[in-house]
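Understanding the architecture of this molecule
Chain residues, written in single-letter form:
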Amino acid sequence: MTLASALSRFDPSKTLSQIGATADRLLARAGRLRHILAVAPFWIVLAKPLLPAAIWPESLWRTAPLLLLTPSVLLAGALGGAAPGFAATAIGLAIGLYFHFAPVGRVMAEGGVGLWSQAIVFIAIGLGSASFGEVLRRSLIQNRKTLAELRGREARLQSVIDTAPDAVILIDADGAIQAFSKSAERLFGYQAGEVAGQNVSLLTPFPHRNNHDFYLRRYEETGERKIIGIGRVVVGERKDGSTFPIELAVGEIRLEGRRFYTGFIRDLSERQSTEARMQELQAELVHMSRLNAMGEMSSALAHEVNQPLSAISNYLTGVRRLLQGSGTLDSQDPLMTKVRDALDRASDQALRAGEIIRRLRDFVRRGETDQRPESLAKIIEEASALALVGAKEFNVRVTFRLDPSVDRILADRVQVQQVLLNLIRNALEAMRDQPRRELRIESRARDDDRVEVSVSDTGPGLSPELEAEIFKPFFTTKSTGMGVGLSICRTIIDAHGGEISAKSLTEGGARFQFTLRLVPAGTLEAERA
Ligand code: ADP
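Residues numbered from 1 in each chain as written. Predicted model: local features only at pLDDT ≥ 70, side-chain atom pairs only at ≥ 80, totals over all residues. Heavy atoms only, no water.

So, about the sheet that holds strand 11 (residues 500-504). Read from one edge to the other, the open sheet built from 5 strands follows the order 7-9-10-12-11, with strand pairing classed as mixed. Every other strand in the sheet has two partners, leaving strand 7 (397-402) and strand 11 as the edge strands with one partner each. Across the sheet, the mean angle separating the axes of adjacent strands is 15° when strand polarity is ignored. In terms of strand pairing, strand 7 meets strand 9 (residues 438-445) through 6 bridges, oriented parallel. (Pairing = 2+ DSSP bridges. Helix = DSSP H or I, 4+ residues; strand = E, 2+ residues; numbered from the N terminus. Axes fitted to C-alpha atoms, helices over the stretch in contact; angles between N-to-C directions.)

Structure representation (C-alpha cells):
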C-alpha cells in the first residue's frame with residue numbers, strides 16, 4: 001500500500017471516533033477497577049524492584065519519593081474519578097512520608113526538593129486529576145445514559161414502525177431511502193439493507209419512475225402539495241417485478257435544516273381481494289337463499305296442493321266406480337263416451353300435477369348439503385361480517401365467545417352461513433327500536449359429539465305463541481316479511497343432523513341456538529396425514 005493510497009483512505013472523523021470509542025471503553029473498564037486504582041501508589045511500591053533503575057534510580061526514592069508516585073495518582077484520578085483519586089493521593093502521601101521518615105537510613109539527600117513543597121505539589125496534582133477524572137467520569141456516565149435512552153427510544157419507535165400494518169418508508173429530499181420498515185420488506189420483497197440509500201423510484205413501475213424525482217423537485221421549488229398530507233392511490237412494484245395497487249400517504253419532516261418525507265403505504269390488493277371475497281360470499285349466499293326460499297316455498301306448496309290433488313283423484317275414482325256400478329259407463333251412448341273420456345283425462349291431469357309436484361320436490365332436494373370439515377370460527381366470522389355490513393346504522397355491540405376446542409365441524413359452509421345470516425339479520429331487526437342493542441354469538445361444547453351455536457339479542461323476545469309457530473313456513477309478524485327465513489334455517493339444520501330452537505331470555509331478548517356435528521377425531525388425523 002502506497003502512502004498516497006493510505007492517506008486517501010485516512011478519514012480523520014472516523015479515526016477520531018475510533019479513538020473516542022477506545023477511550024470510552026478504557027474509561028468504562030477503569031470505572032469497574034476503581035478500588036484497584038485507589039491503591040495505585042501502593043502498586044508502584046510493590047513493583048519497585050522491577051522498575052528499571054535508569055528511569056527510577058534508587059536515590060530518587062530517597063530524595064523525591066512523592067515525585068515517583070505522581071504518575072500513579074494522576075492515573076488513579078484521571079481514570080477512576082474523585083474517590084480513587086483522593087484515596088490514591090492520601091495513600092501516596094503516606095507512602096512518601098514513610099520513605100522520608102523511615103529509620104533505615106532514608107535520610108533526605110542534600111539538595112533534594114523540600115518535603116513540604118513536594119507534598120503540596122503532590123496534593124495539588126492528586127486533587128486536580130481527581131477532579132478532572134470525576135468530571136470526565138460523570139460526563140461519561142451521563143453520555144452512556146443518554147445513549148441508552150436514545151437507543152431505547154429508537155427501539156420503541158422501530159417496533160412501532162415495524163408492527164404497523166402499513167409499510168413505512170423514510171426518504172430524504174433527493175428521494176434516497178433512509179428507513180424501510182419490516183412491513184415494507186414484506187410488501188416489496190426487498191430487505192432494508194438492499195434498498196438503503198437507493199432512490200425510492202425503485203419501488204414504482206417504469207413509466208412512473210422518472211416522475212418521482214420530478215415531483216420531489218417541483219415540491220421543493222413551488223411548495224405546491226400534490227400528495228403530501230393528502231394521500232392517493234398509486235402503483236407499486238415488488239422486487240420480483242410484479243405490480244400492485246397501493247394507497248400512499250406522505251408526511252414531511254424537517255430535521256436539522258434537512259427535509260425528509262415519510263411514506264405510509266397500504267397494500268390495496270389485499271383490501272381489494274377482501275372486498276372481492278365479500279362480494280363472492282354475498283353472491284353465493286344470495287344464490288343459496290333464493291334456492292332455499294324456492295325450495296321451502298315449493299315444498300310447502302307441494303304439501304298443501306298434494307292433499308286437494310289426492311282428493312280430486314279419489315273423487316274421480318269414486319265417480320267412475322259409481323257409474324260402473326250402475327252399468328251406464330260401458331254403454332255406447334255418445335254422451336257416456338264423452339264422460340268416460342273426460343274422466344280419464346281428469347285422472348291423467350291429476351296424476352300429471354302430482355308428478356310435477358314430485359319433480360319439483362326432487363329438484364329442490366337435489367341441492368342437498370355438501371358437508372365437509374370446516375372451521376366454525378371462520379364460518380361465523382364471514383357470516384357475521386356480511387350480516388353486519390350495513391349494521392352501523394343499528395349501532396349494535398357485537399360480542400363473540402367461541403370455544404376453540406369445538407371448531408372443526410362437518411358442514412356445508414354456505415348453508416350454515418345462510419342460517420347465521422338469517423338469525424343475525426332477524427336479531428338486528430328485532431333490536432332496531434330497543435335502547436340496548438347487544439348481539440352475542442357463542443359456541444360451546446356439548447356432551448355428545450356436537451357443538452351448540454347460539455345467537456342472542458336484546459330485542460323484545462318471543463311470546464309463547466311465537467315460540468311455537470316461529471319455524472313454520474310463511475309465519476311472519478312483519479309487513480314485508482315472507483316468513484320463510486326460519487323455516488329455511490330449520491331445513492338446513494335438519495339436513496345437517498342438528499336441531500334448532502328458539503327461546504326467550506329471562507333478562508330480555510331472544511336466543512336462537514342450533515347444533516352441528518363435530519368432525520370425528522380420527523378423521524382429523526387422517527386429513528392431516
Ligand atoms: P321474516 O323475517 O321474513 O318474518 P323469519 O322466518 O325469519 O321470517 O321470521 C319469522 C318471525 O319470527 C318474524 O316475523 C319475527 O316475528 C320472529 N322473529 C324472528 N327472529 C326474532 C328475534 N330475534 N326476536 C324476536 N322475534 C323474532
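What follows is about the pattern of salt bridges. As enumerated under the stated definition, the model contains 20 salt bridges in all. Two residues, R413 and E382, come together in a salt bridge whose shortest N-O distance is 3.8 Å. Linking R413 in helix 15 (residues 413-431) with E382 in helix 14 (residues 376-387), this pair joins segments that are 31 residues apart in sequence. Judged by relative accessible area, E382 falls into the buried class, the value being 12%. Note that R450 is salt-bridged to D448, the shortest N-O span being 3.8 Å. Exposure remark for R450: the relative accessible area of 19% places this residue in the buried category. On the basis of relative accessibility, which here comes to 34%, the residue D448 falls in the partly exposed class. (Salt bridge = Lys/Arg side-chain N within 4 Å of Asp/Glu carboxyl O. Buried < 20%, exposed > 50% of the residue type's maximum accessible area, 1.4 Å probe, protein only.)

Taken over all residues, the pLDDT of the protein has a mean of 82, while the share at 70 or more is 87%. Here residues 104-112 is modelled with pLDDT under 50, and outside its nearest four sequence neighbours on either side it reaches 12 contacts, counting other chains as well. (pLDDT = per-residue confidence, 0-100. Contact = heavy atoms within 4.5 Å.)

Here the focus is the layout of surface pockets. Looking at the largest pocket, its volume works out to about 1100 Å³. Lining of the largest pocket is provided by 35 residues; of these, N422, R425, N426, E429 and K478 occupy positions nearest its centre. Secondary structure elements with two or more residues in the lining of the largest pocket: helix 12 (268-325), helix 15, helix 17 (485-495) and strand 12 (510-517). Counting residues per element, the lining of the largest pocket draws most heavily on helix 15, at 8 residues. Classifying every residue of the lining of the largest pocket by side-chain character gives 18 nonpolar, 12 polar and 5 charged. (1 Å grid on protein atoms, 1.4 Å probe; cavity = no way out; pocket = protein on both sides within 12 Å on 5 of 7 lines; lining within 4 Å. Points joined across faces, edges and corners; volume = space filled by probe spheres on them. Nonpolar A, V, L, I, M, F, W, Y, C, P; charged D, E, K, R; others polar.)

Moving on to helix 12. Given 3.6 residues per helical turn, the α-helix brings residues three or four places apart onto the same face. End to end, helix 12 covers 83 Å across 58 residues, agreeing with the expected 86 Å (1.5 Å per residue, within 8%). Along its length, helix 12 reaches its greatest deviation from straightness, about 25°, at N306, and the proline P308 lies no more than four positions downstream. Note on helix 12: the residue one or two positions beyond its end, G327, has a positive phi of about 80°. (Expected span 1.5 Å × (residues − 1). Bend = angle between axes of the 7 residues up to and from the residue.)

This brings us to helix 15. Between the first and last C-alpha of helix 15 there are 27 Å, a value that for 19 residues agrees with the 27 Å anticipated at 1.5 Å per step. Here helix 15 lies mainly inside the structure; 15 of its 19 residues are buried.

This next bit is on the sheet that holds strand 2 (residues 177-180). Read from one edge to the other, the open sheet built from 5 strands follows the order 2-1-5-4-3, with strand pairing classed as antiparallel. Two strands lie at the open edges of the sheet, namely strand 2 and strand 3 (232-237), each paired on one side alone. Each neighbouring strand pair of the sheet contributes to a mean axis angle of 35°, computed without reference to strand direction. For strand 3 and strand 4 (residues 243-255), the ladder comprises 6 bridges, and the chain directions are antiparallel. Across the sheet, E237 pairs through a bridge with T243, a residue of strand 4. On the sheet, helix 12 packs against strand 3, strand 4 and strand 5 (258-267) and is oriented at approximately 135° with respect to strand 4.

Here the focus is a positive patch on the surface. A cluster of basic residues, R25, R29, R32 and R144, forms a positive patch on the protein surface. The biggest single contributor to the positive patch is helix 2 (residues 12-32), with 3 residues. Assignment of secondary structure puts R144 in helix 8 (residues 115-163). Classification of R144 by relative accessible area gives partly exposed; the value is 39%. (Patch = residues over 30% accessible without salt bridge, like charges linked within 9 Å, V, L, I, M, F, W, Y side chains within 5 Å. Areas by Shrake-Rupley, 256 points an atom, 1.4 Å probe, with all protein chains shown as cover. Lys, Arg positive; Asp, Glu negative; His and termini not counted. Charge placed at Lys NZ, Arg CZ, Asp CG, Glu CD.)

Along the chain, the position of E374 falls in strand 6 (residues 372-375). R413 provides the closest opposite charge to the buried, salt-bridge-free E374, at an N-O distance of 4.5 Å.

Here we come to the packing of helix 15 against helix 17. As a packed pair, helix 15 and helix 17 sit with axes 9 Å apart at the nearest point and diverge in direction by 150°. Our pair here, helix 15 against helix 17, has a crossing hand that is left-handed. On helix 17, the residues touching Q415, Q418, V419, N422, L423 and N426 of helix 15 are G485, L486, I488, C489, I492 and I493. A per-class count over the contact of helix 15 with helix 17 returns 7 nonpolar, 5 polar and no charged. (Left-handed = near helix turned anticlockwise from the far one by under 90°.)

Positive phi is not limited to glycine here, since F474 has a value of about 65°. Tracing the backbone through its elements, the reader meets F474 in the loop between helix 16 (464-469) and helix 17. Under the relative-accessibility criterion, F474 is labelled partly exposed at 44%.

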